[in-house]
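What follows is each chain in one-letter form.
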Amino acid sequence: MIGKPTEVKSLWFLWLVMIGLSVYTINQFIWEVFGKVQVSFSEHRVEFKNMNSLIKKESSIIYDNIKSISFSEEDYNPLFMWGASPPGNVKIKYSISEKRIGRGLNKNECLHLVRILRTEIRKRSK
């Protein structure tokens, strides 16, 4: 046990790490339960914004960098636990990465989302 107040004061770094990990874990839990992705189109790129989480994350992909948009039966993504990319059935491949959206949607809704994304990107990238 820690007995002296000077020893407790020297643990400030440990407390900061524990608070940081707690905020990250709570954010991942809230994202897992309530998380949604807002998709919007600008003149040169498609933009993704995470909604309903403590830490707002925005990303965008330039239309010319998109290689394919497809439906995937599996929604597993091994990098999800590290915050890299959430799982989902709609797979957007670009440059050297991929982004997944559409978690919780059934097959028909995912295919509809794929069609919408493809037509909007074709229309705006001309």
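The notes below deal with the structure included here. Because the structure is a prediction, the values reported are computed rather than measured. (Residues numbered from 1 in each chain as written. Predicted model: local features only at pLDDT ≥ 70, side-chain atom pairs only at ≥ 80, totals over all residues. Heavy atoms only, no water.)

Take the nonpolar core next. Ile66, Ile69, Val90 and Ile92 are the most contacted members of the largest nonpolar core, which totals 13 residues. Breaking this core down by element, the ones donating at least two residues are strand 2 (45–51), strand 4 (66–71), strand 5 (90–94) and helix 3 (107–125). (Core = buried A, V, L, I, M, F, W, Y, C linked by side-chain atoms within 4.5 Å. Buried < 20%, exposed > 50% of the residue type's maximum accessible area, 1.4 Å probe, protein only. Helix = DSSP H or I, 4+ residues; strand = E, 2+ residues; numbered from the N terminus.)

The description of two aromatic rings rests on the distance between their centres and on the angle between their planes. For the structure on display, the rule yields 0 aromatic pairs. One residue, Lys99, lies across the ring of Phe48, its end atom 5.2 Å from the ring centre. (Phe/Tyr/Trp six-rings, centres within 6.5 Å; stacked < 30°, edge-to-face > 60°. Lys NZ or Arg CZ within 6 Å of the ring centre and 35° of its normal.)

For the rest of this paragraph, the subject is a nonpolar patch on the surface. Residues Trp12, Phe13, Leu14, Leu16, Val17, Met18 and Leu21 make up a contiguous nonpolar surface patch of roughly 750 Å² in combined accessible area. Structurally, Met18 is set in helix 2 (residues 12–34). (Patch = residues over 30% accessible without salt bridge, like charges linked within 9 Å, V, L, I, M, F, W, Y side chains within 5 Å. Areas by Shrake-Rupley, 256 points an atom, 1.4 Å probe, with all protein chains shown as cover. Salt bridge = Lys/Arg side-chain N within 4 Å of Asp/Glu carboxyl O.)

It is worth spelling out the sheet that holds strand 1 (residues 36–41) at this point. With respect to topology, 3 strands assemble into an open sheet ordered 1-2-3, the strand pairing being antiparallel. In this open sheet, the two edge strands, each paired with only one partner strand, are strand 1 and strand 3 (58–62). Direction aside, the axes of adjacent strands within the sheet are offset by 20° on average. As paired strands, strand 1 and strand 2 are joined by 6 bridges and run antiparallel to one another. When the bridges of strand 2 are listed, Val39 appears paired with Phe48. (Pairing = 2+ DSSP bridges. Axes fitted to C-alpha atoms, helices over the stretch in contact; angles between N-to-C directions.)

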